[in-house]
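Chain by chain, the residues:
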Amino acid sequence: MDNSVNNLDPEIVSIKNLSFSRGDRQIFNNISLSIPRGKITAIMGPSGTGKTTLLKLIGGQLQPDSGSVSVDKKNIHHLKRSDLYTLRKRMGMLFQSGALLTDLSVFDNVALPLREHTTLTESMIRSLVLIKLQAVGLRGAQSLMPNELSGGMARRVALARAIALDPMMIMYDEPFTGQDPISLGTLVKLIKELNNALGLTSIIVSHDVEETMSIANYIYVLSEGKIAGQGTPEQIKKLDSEWVQQFMKGDSDGPVHFHYPASDYHKDLFES
Amino acid sequence: MIQFLQNLGNSTLSSFAKLGRSSFFLIHTLTAISGVILRPRLLLKQLFSVGVLSFLIITISGLFVGMVLGLQGFYILSDFGAEETLGVMVAASLVRELGPVVSALLFAGRAGSALTAEIGLMKATEQLSGMEMMAIDPIKRIIAPRFLAGFISMPLLSALFSSIGVMGGHIVGVGILGVDDGSYWSQMQAGLDFQDDIINGIIKSIVFGFAISWISLFEGYDAIPTSEGVSRATTRTVVNSAFTILGLDFILTALMFGDI
């Protein structure tokens, strides 16, 4: 009963007044955002704005200084360890590096969450793993070891592993970075297809503007610990924030200067 | 001066914090051990990489240490016409001290450093984070089997080291220098006490195994996840293990053989 009520809730992740700092550096300053169920939501921003940190806060791997993060109506930082782990079984995360266990084959990597969390027989696990690998197009690579895979293949295997337990949402950490055009196209297509076919919620953290804009339903743009802009891809394109426009178009100069703050150039060259 | 005090305070605080973290880590690992016993395949794999792969270095080192003991012992003992007691001298040195201590130092260098580097790299490549996000506790799945494997392997390797060392002493003393074969073994049999020498030696190696596994796994787990961080952690494992082994050895020897 409770579950069906949850399923009706249109919001899957709710972040309220979140602040987080590392040492003296403030990464998030009182941000609030909400991730709708069943949609692809992108969180964009330049490197170092704490996009990955945000995913780790949602996954409960980091504790915020203040504010709350709720996943499926549960405040993730107030959960007991066992409850947190139960919730994490329903959340997949795709790390930038893939994070495959290097001592296990592709098959065993995908089978790992099934073996750890279910009591299925080995033949059922085999069928499930093959279904997941088929979905990412790598059934033929099942006996390879992670060091024999290309970066794009490793990410697809990690994606198969992330969907092994049929989670309610998947968090993608920079899924498009460092991919050749073919892998990139495959990944974009896969993320969209999986989201629609499996009824998932996807959160994509990325600074690859074009690819992200092409599949996201809603976008948050982060800058210096704040949300600099938000909206659908069309709304973001029309947003009259100079900063957001510079980021989206990739201009080398604008509100974010090409030069790191420094003293006067001539003075530095000739007067010292 | 103020700067000096500040640094001193900082480093004291951070070492206490590290001690606290490592204690929590140890408690967490020990509570996860029962799960490992139920999954012998994970343990067997680690026993192979931690224990069996250390076999060669332990055997060869044991042989040479025994041979050197035989040689040095013979020259000193023959000055007193007591070369017949070579067997007991070689065996006592080995089972009481050299066996546990040298094999522990070698084990820290061979297996401890490998464990730290492995865990540190798993952290750097987000494998540990990835497991946590899959709701798999890395302490249960990764750390505990390695800890138990180190704990089990160390006494066995140490016993192997001592046994091979005794054979090495025999090769040099009896085979080359002409000590009587019967005396070598019978003096050893008469001079060594099972409780005082052999059991105490085994206790030492168990304690060293525990310490090395703890240090090496914690250093890996606590490493800064960069290549420099992992390299520093690996160095710290070898250095800290060596200090800990030698320090513990003194304390244990004092408790076992001394009247302190």
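This text goes with the structure placed above it.
Residues numbered from 1 in each chain as written. Chains lettered and ligands numbered in written order. Predicted model: local features only at pLDDT ≥ 70, side-chain atom pairs only at ≥ 80, totals over all residues. Heavy atoms only, no water.

**Q** An account of the overall build of chain B is requested, with residue identities and associated values reported.
**A** Looking only at helices and strands, chain B features nine helices and zero strands. In chain B, the succession of α and β elements from N to C terminus is α-α-α-α-α-α-α-α-α. When its C-alpha atoms are laid out on the principal axes, chain B stretches across 65 × 55 × 35 Å. Counting only contacts in chain B whose residues sit at least 6 apart along the sequence, the fraction spanning at least 24 positions is 84%. (Helix = DSSP H or I, 4+ residues; strand = E, 2+ residues; numbered from the N terminus. Contact = heavy atoms within 4.5 Å.)

**Q** Go over the overall build of chain A with me, naming the residues and quoting the values.
**A** Helix and strand counts for chain A stand at eleven helices and ten strands. Dimensions of chain A along its principal axes, counting C-alpha atoms only, are 75 × 45 × 35 Å. Looking at the 272 residues of chain A, the share that counts as buried comes to 49%. The contacts of chain A with a sequence gap of at least 6 include a subset with a gap of at least 24, amounting to 63%. Surface summary for chain A: the accessible area is close to 13,400 Å², and the carbon and sulfur share equals 51%. (Buried < 20%, exposed > 50% of the residue type's maximum accessible area, 1.4 Å probe, protein only. Areas by Shrake-Rupley, 256 points an atom, 1.4 Å probe, with all protein chains shown as cover.)

**Q** An account of the pairing of strand S9 (residues 218-223) of chain A is needed here, citing residue identities and associated values.
**A** All names here are of chain A. With respect to burial, S9 is a largely interior element, five of its six residues being buried. Bridging between strand S3 (residues 40-44) and S9 involves four bridges; their strand directions are parallel. Bridge pairing in S9 links Ala42 to Ile219. Pairing of S9 with strand S10 (residues 226-231), which is carried by five bridges, proceeds in the antiparallel orientation. Paired with Ile219 across the strands is Gly231, a residue of S10. (Pairing = 2+ DSSP bridges.)

**Q** Break down the sheet that holds strand S2 (residues 25-36) of chain A for me, with residues and values.
**A** Residue and element names in this part refer to chain A. One open sheet holds the four strands; their spatial order is S2-S1-S4-S5, and the pairing between them is antiparallel. Unpaired on one side and paired on the other, S2 and strand S5 (74-75) mark the two borders of the sheet. Inspection of the sheet shows strand S1 (residues 11-22) paired to S2 by eight bridges, in the antiparallel sense. Of the residues in S2, the one forming a bridge with Ser14 is Ser34. In the packing of helix H2 (residues 51-58) onto the sheet, the strands contacted are S1, S2 and strand S4 (66-71), and the crossing angle to S1 comes to about 120 degrees. (Axes fitted to C-alpha atoms, helices over the stretch in contact; angles between N-to-C directions.)

**Q** Lay out the interface of chain A and chain B in plain terms, naming residues and giving numbers.
**A** With 24 residues of chain A in contact, the opposing surface of chain B contributes 19 residues. With both sides pooled, the region where chain A packs onto chain B buries about 1,800 Å², and carbon together with sulfur makes up 54% of that total. The three residues of chain A that bury the most area against chain B are Tyr85, Leu101 and Glu116 of chain A, which together make up 26% of that side's buried surface. Here chain A and chain B share four salt bridges between them. The salt bridge partner of Arg81 of chain A is Asp137 of chain B, with a shortest N-O separation of 3.3 Å. (Buried area = accessible area lost by both parts, 1.4 Å probe. Salt bridge = Lys/Arg side-chain N within 4 Å of Asp/Glu carboxyl O.)

**Q** Go over the sheet that holds strand S6 (residues 91-94) of chain A, please, and point to the residues and values.
**A** Residues and elements named next belong to chain A. Sheet architecture is open: six strands sit in the order S6-S7-S8-S3-S9-S10, paired in mixed fashion. Both edges of this open sheet fall to S6 and S10, since each of them pairs with a single strand only. On average, each strand axis in the sheet is tilted by 15 degrees relative to the strand beside it, whichever way the strands run. Judged from the five bridges that link them, S3 and strand S8 (residues 201-206) form a sheet pairing that is parallel. Within S8, the residue paired with Ile40 across the bridge is Ser202. Running over the sheet, helix H10 (residues 242-249) touches S3, S9 and S10 and is turned about 105 degrees from S9.

**Q** Report on the packing of aromatic side chains, specifying residues and quantitative values.
**A** What the rule picks out here adds up to nine aromatic pairs over all chains. Measuring from centroid to centroid gives 5.3 Å for Tyr218 of chain A and Tyr220 of chain A, while their planes differ by 65 degrees, and the two rings are edge-to-face. On the basis of relative accessibility, which here comes to 5%, the residue Tyr220 of chain A falls in the buried class. Ring geometry for Phe147 of chain B versus Phe210 of chain B: centroids 5.4 Å apart, planes at 85 degrees, classification edge-to-face. Of this pair, Phe147 of chain B sits in helix H6 (residues 138-176) while Phe210 of chain B sits in helix H8 (residues 194-221), and the two are 63 residues apart along the sequence. Take Phe147 of chain B: its relative accessible area is 3%, and that puts it in the buried class. (Phe/Tyr/Trp six-rings, centres within 6.5 Å; stacked < 30°, edge-to-face > 60°.)

**Q** Tell me about the pairing of S1 of chain A, residues and numbers included.
**A** All names here are of chain A. The loop that links S1 with its antiparallel partner S2 comprises two residues; one of these, Gly23, has a positive phi angle of about 60 degrees. As paired strands, S1 and S4 are joined by five bridges and run antiparallel to one another. Within S4, the position partnered with Val13 by the bridge is Val71.

**Q** Let's hear about the nonpolar core: which residues, and what values?
**A** Core analysis: the largest hydrophobic core is formed by 55 residues, its most contacted members being Leu112 of chain A together with Phe107, Tyr184, Ile212, Leu217 and Ile245 of chain B. The greatest single-element share of this core, amounting to 15 residues, is contributed by helix H4 (residues 86-124) of chain B. In this structure Leu112 of chain A touches Leu101 and Leu104 of chain A together with Met131, Met134, Ile136 and Arg141 of chain B, once residues within four positions along its chain are discounted. Within the second largest apolar cluster, 36 residues are counted, among which are Val136, Leu184, Val188 and Ile204 of chain A. (Core = buried A, V, L, I, M, F, W, Y, C linked by side-chain atoms within 4.5 Å.)

**Q** Provide a residue-level description of the pattern of salt bridges, including the pertinent values.
**A** Residue and element names in this part refer to chain B. As enumerated under the stated definition, the model contains 19 salt bridges over all chains in all. When the shortest N-O distance is used, the salt bridge between Arg21 and Asp222 registers 2.9 Å. Taken as a pair, Arg21 in helix H1 (residues 2-37) and Asp222 in the loop between H8 and helix H9 (227-257) lie far apart in primary sequence, 201 residues in all. One salt bridge connects Glu118 with Arg146, and the closest N-O pair in it is separated by 2.8 Å. Placement of the pair is Glu118 in helix H4 and Arg146 in helix H6, with a sequence separation of 28 residues. Look at Arg146 and you get buried, because its relative accessible area is 3%.

**Q** Quick rundown of the side chain of Thr201 of chain A? Include the residues and the values.
**A** Following the sequence through the fold, Thr201 of chain A ends up in strand S8. Beyond its immediate stretch of four places on either side in the chain, Thr201 of chain A contacts Ile12, Ile35, Pro36, Arg37, Gly38, Lys39, Met168, Met169, Ile170 and Asn195 of chain A.

**Q** Can you break down helix H3 (residues 55-79) of chain B residue by residue, with the values?
**A** Residues and elements named next belong to chain B. Its 25 residues place the ends of H3 36 Å apart at the C-alpha level, agreeing with the 36 Å of an ideal helix rising 1.5 Å per residue. Taken as a whole, H3 has its buried residues at Ile58, Thr59, Ser61, Gly62, Gly66, Leu69, Gly70, Gly73, Phe74 and Leu77. Contact partners of the buried residues in H3: H4 and H6. Just beyond H3, the residue with positive phi is Gly81, at close to 65 degrees. (Expected span 1.5 Å × (residues − 1).)

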